[in-house]
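# Structural features, examined
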Amino acid sequence: MYPCPSCGGGLRFDIPSQKLKCDFCQTAADPSAFQTLKGAEEEKDFEVTKFICSQCGAEIISQDQTAAAFCSFCGASTLLKSRLSREKKPDAIIPFKKTKEDCISSYRKMMRRALFAPNELKDESCINSFRGIYMPYWVYDVSHKGAFCLRGEKYSRSGDYDITRHYDLTGVIDADYQGITHDASSEFSDDISESLAPYNVREMQRFNPAYLSGFYADTYDVSSRVYDQDAAGLAGRISYEHAKKIPVFKGYSMKSKHTANASLFHTTMNYPHYALFPVWFMSYRKNDRVSYVSINGQTGKITSDIPIDYKKYTLCSLLLTIPVFFLLNFVVFMKAKSAMIVSALLLILSLILSFREIAQIVKKESGAGDRGLFRGSAPQKIKIPFSETWKRFMKDKFSVPGILTSFCAIAASAVIFILNPVSDYYYYLGAAFSIIAVFLTIITIMRNYNILSTRKLPQFNREGGDDRAPEK
Ligand SMILES: [Zn+2]
Ligand SMILES: [Zn+2]
């Protein structure tokens, strides 16, 4: 913590004024003043207190030596181990723009619409546990300069022949892409950072440790190399889309796959900047699952995974199912036979929904899509085979009663339909059977929704470090 020049008290970064402020005498100082004051400009690293969670292994740094009382990533409320450490100095930082009050009020607004959210999430103690954390990002600059050549085609017909003519469409490009970002911490999963994006990198400041006072920061442990191809690919796609729209290329078809390729342009990339971006972060832990609420500390964009409260939802859907059943069968005066068919269709629909949800769970649990987690070794898209989903479906003892009842209900409805009995009584029986199965399936869907909206307790094994030396 920086001492106040007037009274020696602690200085803290004050978000509304974007200055360092003294807690006691209100003295304000510009963060950049401290850099020169400390003469630390040439140093490649800086001293921090590092807190390590004994439960999940997450690491977080602070300028403050006061013990952190809880872990933001797994929700463990034990004192974290701390030690002094030297960390690589980031190149840049976007200081917090949204205050904790801003963040809490937008969270409250969101929670007003979350009817089925557990009550604990509306508790004051939970709301106050929002923590300002700077998350590490890699910021890439990509440029395309020089001649390029696209493949274009023209089609025509002559008699019985289809004629395709191939053209080389050449041009010169001069494009610079600045600020393509990817998160650099394995603690911070890609799905969160993608939904918090974008950050306005124009507001990036030269890094200065003074910005961290009063906040926490996470350090990078994902090599910058992991996202090299993504950054180059993104720039390549944008350039390609622009090039396609050049007026003289009008009339040429550019459908071939090989045309949309990053190697089309002379791509140069610098060594990415290491930058810190602000996030208000809160975790909610229930049993062995955890969910996160994160807010972009620059723009205020909110992203969350909020589980459903089991009791609230069951009560509500039960209250809803009964009137729907009576409405279908007795008020709309639907014929008994149609009522049975409608119920069976409803059941099939809910089964499909349930199955798709499980496919999503299998995919999420495989870690597909989070390459930070795999340190770059995982492919971009992972296809989950049907058998995996089916296996998962049958393994889950909570889905089994639902699925057994469902199959019996469908079979029973089919038998009744074929036998075509005279008495309506049988049809109503079939319809009721399906509705019960729908109800059971909805319980499964809800349970799985909670699995999908929360995360397994994290377990970090930080290796840290970038294995590539900066190219200067
Ligand atoms: Zn002071
Ligand atoms: Zn932890």
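Residues numbered from 1 in each chain as written. Chains lettered and ligands numbered in written order. Predicted model: local features only at pLDDT ≥ 70, side-chain atom pairs only at ≥ 80, totals over all residues. Heavy atoms only, no water.

## Thoughts on the confidence of the model for the protein
Selection criterion: pLDDT measures how confident the predictor is about each residue, on a scale from 0 to 100. The way it works is that DSSP assigns letters per residue, a run of H or I at least four long becomes a helix, a run of E at least two long becomes a strand, and they are numbered from the N terminus. Note on definitions: a residue-residue contact is assigned when non-hydrogen atoms from the two residues lie within 4.5 Å.
Put simply, the protein has an average pLDDT of 83, and 89% of its residues get 70 or more. When the elements of the protein are averaged for pLDDT, helix α8 (residues 371-374) gives the smallest value, 52, and strand β7 (residues 92-93) the largest, 94. For the stretch residues 374-379, pLDDT sits under 50, and the model shows 12 contacts to residues farther than four places along the chain or on other chains. Every residue in residues 464-472 is under pLDDT 50, and counting partners more than four places away or in other chains gives 19 contacts.

## Some points on the coordination of the zinc ion (ligand 2)
Applicable threshold: Coordinating donors are taken as N, O and S atoms within 2.8 Å of the metal, stretched to 3.2 Å for Na, K and Ca; because water is absent from the atoms, sites can appear incomplete. Donor angles set the geometry label: tetrahedral for four donors if every angle is between 85 and 135 degrees, square planar for four and octahedral for six if opposite donors exceed 155 degrees and the others are between 65 and 115, irregular for anything else. Think of it in three bands: residues with accessible area under 20% of the maximum for their type are buried, residues over 50% are exposed, and the middle band is partly exposed, with areas taken using a 1.4 Å probe on protein chains only.
Of the protein atoms, only Cys53 (SG), Cys56 (SG), Cys71 (SG) and Cys74 (SG) coordinate the zinc ion (ligand 2), at distances of 2.3 Å. Metal-centred angles of 108 to 111° between the four donor atoms at the zinc ion (ligand 2) mark the site as tetrahedral. Taken in sequence order, the residues that donate to the zinc ion (ligand 2) follow the motif C-x2-C-x14-C-x2-C. Within this pair, whereas Cys53 is found in the loop between β4 (45-52) and β5 (59-62), its partner Cys74 is found in the loop between β5 and β6 (81-88), the two being separated by 21 residues in sequence. With respect to class, Cys53 is no different from Cys74; both count as buried.

## What to know about unusual backbone geometry
Omega for the peptide link from Ala197 to Pro198 comes to 0°, which places this bond in the cis form. In this fold, Pro198 is placed in the loop between α4 (190-196) and β10 (205-206). Phi at Asn420 takes a positive value of approximately 50°, unusual for a residue other than glycine. Counting through the fold element by element, Asn420 comes out in the loop between α10 (399-419) and α11 (424-453). Judged by its relative accessible area of 43%, Asn420 falls in the partly exposed class.

## Some remarks on helix α2 (residues 100-113)
To keep it simple, the criterion reads: A helix is expected to span 1.5 Å multiplied by its residue count minus one. In this description, one arc is meant: the one made by directions from the helix axis to the C-beta atoms.
Between the first and last C-alpha of α2 there are 21 Å, a value that for 14 residues agrees with the 20 Å anticipated at 1.5 Å per step. Within α2, the full set of buried residues consists of Cys103, Ile104, Tyr107, Met110 and Met111. Buried residues of α2, viewed axially, fall in a sector of 125°; they line one side. Of the exposed residues in α2, the ones pointing more than 90 degrees away from its buried face are Glu101, Lys109, Arg112 and Arg113. On its buried face, α2 sits against α3 (124-127), β13 (273-286), β14 (289-296) and β15 (302-304).

## Remarks on the nonpolar core
So the rule is basically this: The term nonpolar core refers to a set of buried residues drawn from Ala, Val, Leu, Ile, Met, Phe, Trp, Tyr and Cys, joined through side-chain atoms within 4.5 Å.
Counting 64 residues, the largest nonpolar core has Tyr107, Phe130 and Leu150 as its most contacted members. Looking at which element gives the most residues to this core, the answer is strand β8 (residues 131-158), with six residues. Once you skip the residues sitting within four places of it in the chain, Tyr107 turns out to touch Leu121, Ile127, Phe130, Met282, Val293 and Ile302. Counting residues in hydrophobic clusters, the runner-up holds 29 residues, among them Ile60, Val139, Tyr292 and Phe460.

## Things to note about a nonpolar patch on the surface
Threshold: The residues that make up patches have over 30% relative accessible area and no salt bridge, and they are joined within 9 Å when like-charged or within 5 Å when they are Val, Leu, Ile, Met, Phe, Trp or Tyr. Using the Shrake-Rupley algorithm and a 1.4 Å probe, accessible areas are obtained, with residue cover drawn only from the displayed protein chains. We count a salt bridge whenever a side-chain nitrogen from Lys or Arg sits within 4 Å of a carboxyl oxygen from Asp or Glu.
A contiguous nonpolar surface patch, about 570 Å² in accessible area, is contributed by Ile341, Leu345, Ile348, Ile352, Phe417 and Ile418. Those elements that provide at least two residues to the nonpolar patch are α7 (336-365) and α10. The greatest single-element share of the nonpolar patch, amounting to four residues, is contributed by α7. Take Phe417: its relative accessible area is 41%, and that puts it in the partly exposed class.

## Here we look at the sheet that holds strand β3 (residues 28-29)
Selection criterion: Think of it this way: DSSP has to see at least two bridges between two strands before they count as a pair.
In space, the three strands of this open sheet follow the order β1-β2-β3, with antiparallel pairing throughout. What marks the edges here is a single partner per strand, and that holds for β1 (11-14) and β3.

## Overview of the pattern of salt bridges
For the structure shown, the criterion picks out 16 salt bridges. Residue Asp30 is joined to Lys19 by a salt bridge in which the shortest nitrogen-to-oxygen separation is 3.9 Å. Here the residue Asp30 occupies a position in the loop between β3 and α1 (31-38), and Lys19 occupies one in strand β2 (residues 19-22), the gap between them amounting to 11 residues. A relative accessible area of 35% places Asp30 in the partly exposed class. Under the relative-accessibility criterion, Lys19 is labelled partly exposed at 32%. The closest approach of N and O atoms between Arg108 and Glu124, which form a salt bridge, is 2.6 Å. Here Arg108, found in helix α2, pairs with Glu124, found in helix α3; they are 16 residues apart in sequence, far enough to count as distant. Residue Arg108 is classed as partly exposed on the basis of its relative accessible area of 35%.

## Brief notes about the coordination of the zinc ion (ligand 1)
Distances from the zinc ion (ligand 1) to its protein donors, Cys4 (SG), Cys7 (SG), Cys22 (SG) and Cys25 (SG), fall within 2.3 to 2.4 Å. Note that the zinc ion (ligand 1) binds four donor atoms; their angles at the metal cover 103 to 115°, and the shape is tetrahedral. Each donor residue of the zinc ion (ligand 1) belongs to the same chain, and together they define the spacing C-x2-C-x14-C-x2-C. Placement of the pair is Cys4 in the segment before β1 and Cys25 in the loop between β2 and β3, with a sequence separation of 21 residues. Classification of Cys4 as buried rests on a relative accessible area of 5%.

## A few points about the pairing of β4
Burial of β4 is extensive: six of the eight residues sit out of reach of the surface. With eight bridges joining them, β4 and β6 adopt antiparallel strand pairing. In the strand pairing of β6, Lys50 is matched with Arg83. Examined bridge by bridge, β4 and β5 share four bridges and lie antiparallel to one another. Across the sheet, the residue bridging to Ile52 is Glu59, located in β5. Counting the residues in the hairpin turn of β4 and β5 gives six residues, including Gly57, whose phi is positive at 85°.

## A short note on helix α5 (residues 228-244)
If you check α5, its first and last C-alpha atoms are 24 Å apart, about what 17 residues at 1.5 Å a residue would give, namely 24 Å. When we look at burial in α5, the residues that qualify are Asp228, Asp230, Ala231, Ala232, Gly233, Ala235, Gly236, Ser239, Tyr240 and Ala243.

## Points about the side chain of Ser62
This is how it is decided: Throughout this description, a polar contact denotes any pair of N or O atoms lying within 3.5 Å of each other; where both atoms belong to protein, one of them has to be capable of donating a hydrogen while the other can accept it, and for residues adjacent in sequence the pair is counted only when both atoms sit in side chains.
When you line up the elements, Ser62 lands in strand β5. According to the relative accessible area criterion, Ser62 is buried, its value standing at 3%. At a separation of 2.8 Å, a polar atom in the side chain of Ser62 contacts the main-chain amide nitrogen of Asp64. Contacts of Ser62, omitting those with residues within four sequence positions, involve Val48, Thr49, Phe51, Phe215 and Tyr216.

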